[in-house]
Amino acid sequence: MHEEPGGPVTLMQTGSAGDSAAAPLGSMSCGHIDVSVILPVFNAASWLDECLKSVLEQDYEGRLELSVFNDASNDNSLSIIKKWRTRLEERGIAVVIGGHDSSKPRGVGFAKNQAVKQSNGRYLCFLDSDDVMMPQRVRLQCEAAKEHPNSIIGCQIIRVPAGSTERYTRWINGLSPDQLSTQVFTSHGPTVIMPTWFCTQEWFCHVGKFNEGGPGVPEDLLFFYDHLEKGGGVIRVDQCLLQYRYHPQAATHSILEGTIWDHRVQFLEKRVLANWTSFTIWNAGKQGRKLYRSLSPANQKKVVAFCDVSERRISKGFYTYEESKERPQPKIPIQHYKDANPPFIICVKLDLTNGNFEENLQSLNLKEGVDYFHFS
């Protein structure tokens, strides 16, 4: 229940062990809310002061709300949130706090869904409790979302500690507008990373909620794929609007590499390969062969060749799929890339090629987003 400005704030109705969620702690209420900052929290006491301070310091002039869901934290996260609520409300930022005190957390996907469910904003600004927003983040992403209402809006980031995940950070910040669509199948995950997401609440509800499978489930990747399937766009504000923290306790470390690989292959087959009658895998090495072996039998038959720049690999002439139960075993030709035919699935780590791969690709005059997708 949300009271009018100056009215009472409802008390936390704390759930007992086993409850799915407690009622919101309440908010300074608000009539119309423009943007809700969506903040899932689990044992985040070490970072919450910095995080909530960055909400307070937003230069956005519209009506802002903070929607927090505390996922059974057993540290003093809740007391920190309550402390900041007063300061935020004094600044005119409405605050809604929900949570539960079950014996185990329900996971990031569940906490995000609950924070969205209790929010009131036309727009949703996602924030992780260990990250920090730059003061202009909400304002700039809101401007972009108004122009692209069916898109996920991201931004560039500053990674802390400096130098951690250097290749990943370079990829996040360096993708071109076209690559935001052609590199959606790579091992890095969504081309705009989850802590930077901003979108309309209407579009979020259209796509659906986050997967609530808990630890080990890449809920952001699965939502991103659903978003793309429903025709959603991907836009990035090309400014560093978020300080993205790297630490061993981050939820992303619970997700196995094999799980990500399986989801990527399934989505590639569904989203792209279902519409192609044939294609070439660009990379006759370990990664390209692994992709071939992971495909369904029907899609394996669509692979007309591998292509490469390595004379050693090309000289072999073909790749034999020795694990196949077919007789004779499939033999896939290996060609020089200039002799290969599009469309391509590219299994090359582009940031390790010193620009050579991009030059090779451009020399073929392919149609962006139609003749190739990256799976590196």
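Residues numbered from 1 in each chain as written. Predicted model: local features only at pLDDT ≥ 70, side-chain atom pairs only at ≥ 80, totals over all residues. Heavy atoms only, no water.

J.: Can you help me understand the pattern of salt bridges in this one?
T.: Two side chains bearing opposite charge may form a pair once their charged atoms approach each other closely. Summed over all chains, the structure comprises 10 salt bridges. As a salt-bridge pair, Arg139 and Asp59 come within 3.0 Å of each other at their nearest N and O atoms. Pair noted here: Arg139 is in helix α4 (residues 137-147) and Asp59 is in the loop between α1 (48-56) and β2 (64-71), with a separation of 80 residues, a long-range link. Residue Lys209 is joined to Glu212 by a salt bridge in which the shortest nitrogen-to-oxygen separation is 3.9 Å. Taking relative accessible area as the criterion, Lys209 reaches 56% and is therefore assigned exposed. (Salt bridge = Lys/Arg side-chain N within 4 Å of Asp/Glu carboxyl O. Helix = DSSP H or I, 4+ residues; strand = E, 2+ residues; numbered from the N terminus. Buried < 20%, exposed > 50% of the residue type's maximum accessible area, 1.4 Å probe, protein only.)

J.: What's the story with the pairing of strand β8 (residues 233-245) in this structure? I'm lost.
T.: In the case of a regular strand, side chains alternate between the two sheet surfaces. Summarising the sheet, strand β5 (residues 132-133) and β8 pair through 2 bridges and their orientation is antiparallel. If you follow Met133 over to β8, its bridge partner there is Leu242. Sheet topology places strand β6 (residues 151-160) next to β8; 10 bridges connect them, and they run parallel. Its bridge partner being in β8, Ile152 is matched across the sheet by Val234. (Pairing = 2+ DSSP bridges.)

J.: What's the story with the side chain of Asn299 in this structure? I'm lost.
T.: Structurally, Asn299 can be placed in helix α11 (residues 297-300). Judged by relative accessible area, Asn299 falls into the buried class, the value being 7%. Setting aside anything within four residues of it in sequence, one finds Asn299 in contact with Glu269, Leu273 and Phe279. (Contact = heavy atoms within 4.5 Å.)

J.: Is there a simple way to think about the sheet that holds strand β11 (residues 318-320) in this case?
T.: In a beta sheet, neighbouring strands are held together by backbone hydrogen bonds and run either parallel or antiparallel to one another. With respect to topology, 6 strands assemble into an open sheet ordered β11-β12-β10-β9-β13-β14, the strand pairing being mixed. Unpaired on one side and paired on the other, β11 and β14 (372-374) mark the two borders of the sheet. Taking the axes of each pair of neighbouring strands and ignoring which way they run, one obtains an average angle of 25 degrees across the sheet. Sheet topology places strand β9 (residues 279-282) next to strand β13 (residues 344-346); 3 bridges connect them, and they run parallel. The residue of β13 that forms the bridge with Ile281 is Ile345. With respect to the sheet, helix α13 (residues 356-363) is in contact with β9, β13 and β14, its orientation differing from that of β9 by roughly 160 degrees. (Axes fitted to C-alpha atoms, helices over the stretch in contact; angles between N-to-C directions.)

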